[in-house]
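Residue-level structural notes
The chain contents come next:
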Amino acid sequence: CSVGVNDRLGGELATTHLLDLGHERIAFAGGPLTIPQVAERLQGAERALAGAGMPSEQLLILETTANTVGEGRRATARLLGVPRRRRPTAIFCANDLLALGVLQQITQQGLAIPRDLAIIGYDDIEFAAAAAVPLTSVSQPRQLLGRTAAALLLEEAEAPEDHQHRHVSFDPELIVRQSSGAD
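What counts and how
Counting starts from 1 at the beginning of each chain's written sequence and moves along it residue by residue. Per-residue local features are limited, in this predicted model, to residues with pLDDT of at least 70; the limit for side-chain atom pairs, both in listing and counting, is 80 or more; totals at the level of whole chains, interfaces and linings are taken over all residues. Side-chain metrics in this entry use all non-hydrogen atoms of the structure; hydrogen atoms and water are not considered. Under the scheme used here, helices are H or I runs from DSSP no shorter than 4 residues and strands are E runs no shorter than 2 residues, and both carry numbers assigned from the N terminus. An expected span of 1.5 Å times one less than the residue number is assigned to each helix. Throughout this description, buried means an accessible area under 20% of the type-specific maximum (1.4 Å probe, protein chains only), exposed means over 50%, and partly exposed covers the range between. Pairs of residues are marked as contacts when any of their non-hydrogen atoms sit within 4.5 Å. Pairing between strands is defined by DSSP: at least two bridges between the two strands are required. A clockwise path from the first strand over the helix to the second, with the strands pointing away from the viewer, defines a right-handed crossover. Salt bridge, as used here: a side-chain nitrogen of Lys or Arg that lies within 4 Å of a carboxyl oxygen of Asp or Glu.

1. A short note on helix α3 (residues 69-80)
With 12 residues, α3 should cover 16 Å at 1.5 Å per step; its first-to-last C-alpha distance of 17 Å lies within 8% of that length. Every buried residue of α3 is accounted for by Gly 70, Glu 71, Gly 72, Ala 75, Thr 76 and Leu 79. Those residues of α3 that are buried are in contact with β2 (26-30), β3 (60-63), β4 (90-93) and α4 (96-108).

2. Looking at the pairing of β2
Look at any regular strand and the pattern is simple: side chains alternate between the two faces of the sheet. With respect to burial, β2 is a largely interior element, five of its five residues being buried. Both faces of β2 are covered, namely the face carrying Ile 26, Phe 28 and Gly 30 and the face carrying Ala 27 and Ala 29. Both β2 and β4 contribute to a ladder of four bridges, which runs parallel. Each bridged residue has a counterpart across the sheet, and for Ile 26 the counterpart in β4 is Ala 90. In terms of strand pairing, β2 meets β3 through four bridges, oriented parallel. Each residue of the ladder has a partner; that of Ala 27, found in β3, is Leu 60. What joins β2 to β3 is helix α2 (residues 36-51), and the crossover it makes is right-handed.

3. Regarding the pattern of salt bridges
One pass over the full model with this rule turns up seven salt bridges. Here Asp 124 ties to Arg 177 by a salt bridge, and the two come within 2.8 Å at their closest N and O atoms. With Asp 124 in the loop between β5 (118-123) and α5 (126-130) and Arg 177 in the segment after β8 (173-175), this residue pair connects regions lying 53 residues apart in the sequence. In this structure, the salt-bridge partner of Arg 166 is Glu 155, at a minimum N-O distance of 3.1 Å. Here Arg 166, found in the loop between α6 (142-158) and β7 (167-170), pairs with Glu 155, found in helix α6; they are 11 residues apart in sequence, far enough to count as distant. With a relative accessible area of 39%, Arg 166 lands in the partly exposed category. It is possible to trace a salt-bridge network through shared partners that takes in Asp 7, Arg 41 and Asp 123.

So, to be careful, I would describe these as geometric facts and stop short of saying anything about function.
Now the structure itself:
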């Protein structure tokens, strides 16, 4: 048995939100792309672009070696290396740690969130809401995931011969805060 979140939907929610705010040049930061959740979040972002009639090649992919604050800073340095007229105006990060690194680096460069770059993270960790600019993030139902996983485990332990293995997937939710500019 397994319990998870529809990460494609999460990527689609985040990117659709940015498109709805008028962003046409969007970046995705995350990696490595061999991590299934990261790849699925990227696929969701690409699906949102396709739904808006935009080519997936328009998405600037900033693959990282890890999903950490430091990698978020390094991805931002690469993003800022893009000529201004082609530079993305928004970034969707595969997790909140990357997004916090982006936020730090943008702020250190004297730029403003969301005026110069809108940011969306993923996971809605506790520090997302407490960031200097509160972070828009895709939230996973952590308590529901835990309760469901425990219930499946107990079910299998109590009657292993009758247990049917299954995968339970939950939908994420976009938590809109200041960093995406929706205020």
